[in-house]
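Understanding the architecture of this molecule
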Amino acid sequence: MTQKLKLAIIGGGSSYTPELIEGIITRINILAVTELVLVDIPVGQEKLNIVTDLAKRMIQKSGLNINIASTLDLDSALSECAFVITQFRVGGLKARGLDEMIPLSFNMIGQETTGAGGFAKAMRTIPVILSIAKKMEQLCPDGWLINFTNPSGMVTEAVLNHTSIKSVGLCNVPINMEMSLAEELEASPEDLYCEFIGLNHLSWIKKVYLHGKDITESLFNDSKKRESVVANVPEVEGAEKFVASLKLIPSPYLNYFYYENHMLEEEKESVASGKGSRAEQVMKIEEDLFKLYETPELSEKPSQLSERGGSLYSEAAMSLIESIHTNSGKIHVLNVLNNGAIKDLDDKVVIETNCIVTSSGARPITTGPLPPSIKGLVHSVKAYEQLTIEAAVEGSKTKALLALMNNPLVHGADIAQNILERMIEAHSEHLSYLK
Ligand code: G6P
């Protein structure tokens, strides 16, 4: 008799879902998923229907026997679930647009996961993820929450410190950085080992080993240009000189910190030229994607999905689930509680680093102290993240202001205060809990 293996995807109507379906289909011999439930909220019903129909066609084409359903009822979806994948966006792309445009109107970086935009997204998302995890405590207490919802590090930290649910945070940046380095070295990804240190969307590759040999030093030549590994973060001309002195390979998101003015000008230029904010660009990509998804002849993930920033997301998520389910002991780069892995950070904060994954969880591999060149930045972003989580859990406006003031991309208490008020007003449906 086949053993039951039930997965639920929260935010099932997302355009990324076909990517996950593809990952489930290609792994079925190792990870025998028997039941898949796509869950969404009423406002996402139409998208959910379109995505579910496409997912059904994909599964039918593969000839596999996976029971797939969609629902707006979270409780029934969570019941007896082994893995719950979260990929929702509270307030949708409209809210993302505000997260990007409000800081920009104060002449500050407007980005969905960093700066004041990332803060507002965290404040909308943390109460929702906590209510989902609390439901899991009742309905599937042994289930794993695999979180891709941004800001992934903070959202995972909230779950791990405020509920009893086992959770791992995911991001597609590390896997993209590894793949692109393998390509640069003309090596197979299996022959390469990259050691990551830092936080989500604030991480660096610290060491690179090829066939077990440390080749890190050879990678820093100031004429070596590296392209951004994600579609949504542009690269900065001339950054290779700085990277050569840093001797760490930064995530593309570090551009917002290292080249703040440049990135700010790019964002303003994008809006002024009519190309629009990233949210507006994604709205257009999504419109086309959903038209395609509706085509009855389509029964595979379309290549146009690669215009989104989340490429290789499915690979990251499904290979992680496989490692937990099969007790593989493989190494994945994940967002987990520090527990001593980075010596100079608290045990209970979430970091992004290499972890050994078994069915008992993801254990971070000790990486030592933070190099002095990144220590200050990591500490201030972590202080901002901790204060943001506290503000969301306590519903405290005072803490929210302190959080914003600790964000290195927000400048000045008066401006932080004004941004906070504007954010609360603009996102009143989701932020009015702040008192
Ligand atoms: C990157 C990030 C993801 C994020 C995505 C957004 O890849 O790592 O965390 O969700 O970009 O892409 P989008 O196409 O929505 O701008």
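A brief report on the enclosed structure follows. (Residues numbered from 1 in each chain as written. Predicted model: local features only at pLDDT ≥ 70, side-chain atom pairs only at ≥ 80, totals over all residues. Heavy atoms only, no water.)

Below, the discussion takes up the overall build of the protein. Looking only at helices and strands, the protein features 16 helices and 13 strands. In terms of C-alpha radius of gyration, the protein reaches 21 Å, essentially the compact-globule figure of 22 Å for 435 residues. Overall, the C-alpha framework of the protein stretches about 60 × 55 × 45 Å when taken along its three principal axes. Per-residue burial for the protein yields a buried fraction of 57% across its 435 residues. The long-range fraction of contacts in the protein, counting pairs at least 24 apart against all pairs at least 6 apart in sequence, stands at 70%. Entry remark: accessible area of the protein is about 18,000 Å², with carbon and sulfur atoms responsible for 51%. Across the protein, the centroid of the 40 positively charged side chains sits 2 Å from that of the 55 negatively charged ones. (Helix = DSSP H or I, 4+ residues; strand = E, 2+ residues; numbered from the N terminus. Rg over C-alpha atoms; globule rule 2.2 N^0.38 Å. Buried < 20%, exposed > 50% of the residue type's maximum accessible area, 1.4 Å probe, protein only. Contact = heavy atoms within 4.5 Å. Areas by Shrake-Rupley, 256 points an atom, 1.4 Å probe, with all protein chains shown as cover. Lys, Arg positive; Asp, Glu negative; His and termini not counted. Charge placed at Lys NZ, Arg CZ, Asp CG, Glu CD.)

Before going further, it helps to examine the site of the ligand. Surveying the vicinity of the ligand reveals 17 residues, the closest of which are Asn150, Asn172, Arg278, Arg308 and Gly309. With respect to the ligand, the side chain of Asn232 contributes an N or O atom lying 3.0 Å from an oxygen atom. Between the ligand and Gly309 there is a distance of 2.4 Å, counted from an oxygen atom to a backbone nitrogen or oxygen. Surface burial for the ligand is 98%, taken as the share of its 390 Å² of free accessible area covered by protein chains. A class-by-class count of the residues in the shell around the ligand yields 6 nonpolar, 6 polar and 5 charged. (Near = heavy atom within 4 Å. Polar contact = N/O pair within 3.5 Å; in protein donor to acceptor, adjacent residues only side chain to side chain. Nonpolar A, V, L, I, M, F, W, Y, C, P; charged D, E, K, R; others polar.)

What follows covers the nonpolar core. Where a protein is soluble and globular, its nonpolar side chains tend to be buried together. Membership of the largest hydrophobic core comes to 96 residues, with the highest contact counts inside it found for Leu202 and Trp204. The dominant element in this core, judged by the number of residues it contributes, is helix α5 (residues 115–139), at 11 residues. In this view, Leu202 contacts Ile197, Leu254, Phe257, Leu377, Val378 and Val381; residues no more than four positions away in its chain are not counted. Residues Ile24, Tyr293, Leu298 and Ile324 belong to the second largest nonpolar core, which totals 48 residues. (Core = buried A, V, L, I, M, F, W, Y, C linked by side-chain atoms within 4.5 Å.)

Before going further, it helps to spend a moment on the pattern of salt bridges. Going through the model one piece at a time under the given rule, you end up with 27 salt bridges. Residues joined by salt bridges that share partners form a network here, namely Arg89, Arg96, Glu100 and Glu112. (Salt bridge = Lys/Arg side-chain N within 4 Å of Asp/Glu carboxyl O.)

All right, on to the environment of Leu170 then. Position of Leu170 among the secondary structure elements: in the loop between β6 (166–169) and α7 (173–184). Leu170 gets classed as buried once you look at its relative accessible area, which sits at 2%. Expressed as a C-alpha distance, the spacing of Leu170 and Gly117, which sit 53 residues apart in the sequence, is 20 Å. If we skip the residues at most four places from it in the chain, Leu170 touches Ile146, Asn147, Phe148, Ser152, Ala316, Ala317, Leu320, Leu334 and Asn335.

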